[in-house]
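Now for the letters of each chain:
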Amino acid sequence: MTGHVTVIGGGLAGTEAALRLADRGHAVELHEMRPVVKTPAHRTDRLGEIVCSNSLKSTARHRPSGLLKRELTALGSFLIRIAGECRVEAGTALAVDREAFAASVTRRIESGERIRVHRGEVKGIPPRGLVIVATGPLTSDPLCRSLTDFLGVDRLFFYDATAPVVAGESIDRSVAFAATRRGEGEGHYLNCPMTREEYEAFVAAVVAADPFPRRDFEAVSFFEACMPIDELARRGPETLAFGPMRPVGLVDPRTGERPYAVVQLRPENREATAYNLVGFQNRLRHSDQRRIFRTIPGLARAEFFRLGRVHRNTYLEAPRVLDDRLAVRAQDRVFIAGQLTGLEGYVEAIATGMLAGMHAAARLEGRSLEPLPAETALGSLLRFVSGHEGVEYRPTNVSFGLFPPLPDPAPRGHARGEAMARRAEDALAGWARRNAEALGTFPVG
Ligand SMILES: Cc1cc2nc3c(=O)[nH]c(=O)nc-3n(C[C@H](O)[C@H](O)[C@H](O)COP(=O)(O)OP(=O)(O)OC[C@H]3O[C@@H](n4cnc5c(N)ncnc54)[C@H](O)[C@@H]3O)c2cc1C
């Protein structure tokens, strides 16, 4: 049984979804607003354009991004295959020639007889039929407004900055202490205490480091609550100590005194395997972030799951509105894919495009697919999108912090990655066996 799907957005998620559907014999109407309406980051009218770095990150099996790519390859991702064909030398990372990549994606889409491409802005959610919305972090304003009405939410999130996330096990608990600031509610915060000397050296290092070169699309005004710490540090030597690093209401159990400043760490997940450096969004180079943040007492051996960055972003509070098939709970004929789901990164966008395409195809074919197990990289992303229960829902890349923890005693470092990968591969193979009929001809390797 074949059918028809409207895909809005011809970026990474939208093109992967369209190719998946067409491969299953379904007709796709793909809408891309460029070049009629431009975005602040895209430079061409090509489909599948990569907007910034040309790296799709690690291919190593024991790294979360490598594991995710392996799962995508096993499930027959079109864009990961094209990325492999356009690969440039980058050690163990999968980096691509971005021109060749977008040209190849565009050719593949335009030569497909089942995909019709429409160039122009879509301003509202189509009233009927299956729809995949994949318009990304730079979704045009009219469609943002239509989405908020459609989803019944007050607003989409416009989030300018992300703070680093560290592995819980890499925090030195003999230094970092658990406590919540007075009157700030429940929580399981950890606090890294600083003396005056340590604080001053930290601020001096932040001020001395160069922020990323500014690009036009970053010339947005920051929300005060999302102000990058490098900007705050430049405002004055004490600004951070009165802002995100204020020690009010905290006593260091080692000294019995209030520290001069603190860096607060907030759990990212239920299992507290990952912690966010609260208020530490920043524009520093990644190498400077690793170097400077490891001078924070308690973080000398920090393993970073994610580093801070700043750019405009539009995303939904997905756990409130999406199910674990990326369908809108209230109207499950509409799927959301790509960065709009709150998952950040090229490979994550491709992954959600593939999943939305897969579930839309299954719906048209009257088949039912089990949700992917949380132990897989793909399943961990879906668990985050549909079930995150943390304090705030903030964009994230795939990371082992999203996976269910390994049983104790859990291995560390490289061995942990290998154990996570083995568990994920077994879970994916089991899922593929159980869903063989519903998967039809999807190639599961
Ligand atoms: C400035 C910036 C830099 C980034 N750098 C990186 C990076 O280095 N590495 C990384 O992994 N991730 C990066 N990301 C995050 C993310 O991985 C990418 O944005 C990724 O392209 C998201 O994929 P997507 O398919 O969701 O959106 P996109 O690839 O942006 O695709 C969305 C498409 O929808 C179109 N569109 C928007 N509104 C409409 C409309 N109303 N009607 C029709 N079409 C519409 C857009 O023109 C676009 O082509 C960056 C994001 C931004 C904003």
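Owing to the predicted nature of the structure, the values given are computational and were not obtained by experimental measurement. By convention here, each chain's residues receive numbers from 1 onward along its written sequence. Confidence filtering applies because this is a predicted model: local features only for residues at pLDDT of at least 70, side-chain atom pairs given and counted only at 80 or more, and all residues used for totals across whole chains, interfaces and linings. Side-chain measures were taken over the full set of non-hydrogen atoms in the model, leaving aside hydrogen atoms and water.

Some words on the pairing of strand E1 (residues 4-8)
- For E1, the buried fraction is high: 4 of the 5 residues fall into the buried class.
- Following DSSP output, two strands are said to pair if at least two bridges run between them. To qualify as a helix, a DSSP run of H or I must reach at least 4 residues; to qualify as a strand, a run of E must reach at least 2; elements of each kind are numbered from the N terminus. The sheet contact formed by E1 and strand E2 (residues 27-32) spans 5 bridges and is parallel. Across the sheet, the residue bridging to Thr 6 is Glu 29, located in E2.
- Here a crossover is taken to be right-handed if, once the strands point away from the viewer, the path from the first strand over the helix to the second is traced clockwise. For the crossover from E1 across helix H1 (residues 12-23) to E2, the handedness is right-handed.
- Bridge count between E1 and strand E7 (residues 130-133): 4 bridges; the pairing is parallel. Paired with Thr 6 across the bridge in E7 is Val 131. Summary of the burial criterion: residues with accessible area below 20% of their type's maximum are buried, those above 50% are exposed, and those between are partly exposed, where the area comes from a 1.4 Å probe applied to protein chains only.

Section: helix H11 (residues 346-364)
- Its 19 residues give H11 an end-to-end C-alpha distance of 27 Å, which sits within 8% of 27 Å, the value for a rise of 1.5 Å per residue.
- The buried count for H11 comes to 18 of 19 residues, which makes it a mostly enclosed element.
- In the segment just after H11, Gly 366 is the residue with positive phi, at about 70 degrees. Given a helix with a known number of residues, its expected span is that number minus one, times 1.5 Å.

What to know about the pattern of salt bridges
- We define a salt bridge as a contact between a side-chain nitrogen of Lys or Arg and a carboxyl oxygen of Asp or Glu at a distance within 4 Å. Taken as a whole, this structure holds 20 salt bridges when the rule is applied.
- Between Arg 34 and Glu 32 there is a salt bridge whose closest N-O contact spans 3.2 Å. Here Arg 34 and Glu 32 have matching classes, each one buried.
- For Glu 425, the salt bridge goes to Arg 61, with nearest N and O atoms at 2.8 Å. Here Arg 61 lies in the loop between strand E3 (55-58) and helix H2 (64-74) and Glu 425 lies in helix H13 (residues 413-434), a separation of 364 residues in the sequence.
- One connected set of salt bridges, linked through shared partners, spans Arg 24, Glu 365 and Arg 367.

Examining the side chain of Glu 71
- Assignment of secondary structure puts Glu 71 in helix H2.
- Apart from residues lying up to four places away in sequence, Glu 71 is in contact with Thr 376, Ala 377, Leu 378, Ala 424 and Leu 428. What makes two residues a contact is simply this: any of their non-hydrogen atoms within 4.5 Å.

Details of the side chain of Arg 20
- Secondary-structure assignment places Arg 20 in helix H1.
- The charged-residue count follows a simple rule in which Lys and Arg add positive charge and Asp and Glu add negative charge, with His and chain termini not counted at all. One buried charged residue, Arg 20, forms no salt bridge at all, with the nearest opposite charge on Glu 16 at 4.7 Å.
- Looking at Arg 20, its side chain comes within polar contact range of the main-chain oxygen of Gly 76, at 3.3 Å. Counting of polar contacts relies on pairs of N or O atoms within 3.5 Å, with two restrictions inside protein: one atom must be capable of donating a hydrogen and the other of accepting it, and residues adjacent in sequence are counted only when both atoms are side-chain atoms.

Looking at the sheet that holds strand E15 (residues 304-306)
- In spatial order, the strands read E11-E12-E13-E14-E10-E15; together these 6 strands make up an open sheet with antiparallel pairing. The open sheet is flanked by strand E11 (177-178) and E15, the only strands paired with a single partner.
- The pairing of strand E12 (residues 190-194) with strand E13 (residues 261-267) spans 5 bridges and is classified as antiparallel. Residue pairing across strands places Cys 192 opposite Val 263, the latter belonging to E13.

Here's the deal with the packing of H2 against H13
- For every element, the axis is a line fit to its C-alpha atoms; helices are fit only across the contacting stretch, and the angle between N-to-C directions ranges from 0 to 180 degrees. Remark: H2 packs on H13, axes separated minimally by 11 Å, with the N-to-C direction vectors making an angle of 20 degrees. The angle between H2 and H13 falls in the class roughly parallel. Seen from above, H2 lies across H13 with right-handed handedness. Contact residues: Leu 67, Glu 71 and Ala 74 in H2; Met 420, Ala 421, Ala 424 and Leu 428 in H13.
- All residues other than Ala, Val, Leu, Ile, Met, Phe, Trp, Tyr, Cys, Pro, Asp, Glu, Lys and Arg, Gly among them, are scored as polar; the first ten of these are nonpolar and the last four charged. Classifying every residue of the contact of H2 with H13 gives 6 nonpolar, no polar and 1 charged. Any angle that is under 35 degrees is reported as roughly parallel, and any over 145 degrees as roughly antiparallel; angles of 65 to 115 degrees are reported as roughly perpendicular and all others as oblique. Should the near helix be turned anticlockwise from the far one by less than a right angle, the crossing is left-handed, and should it be turned clockwise, the crossing is right-handed.

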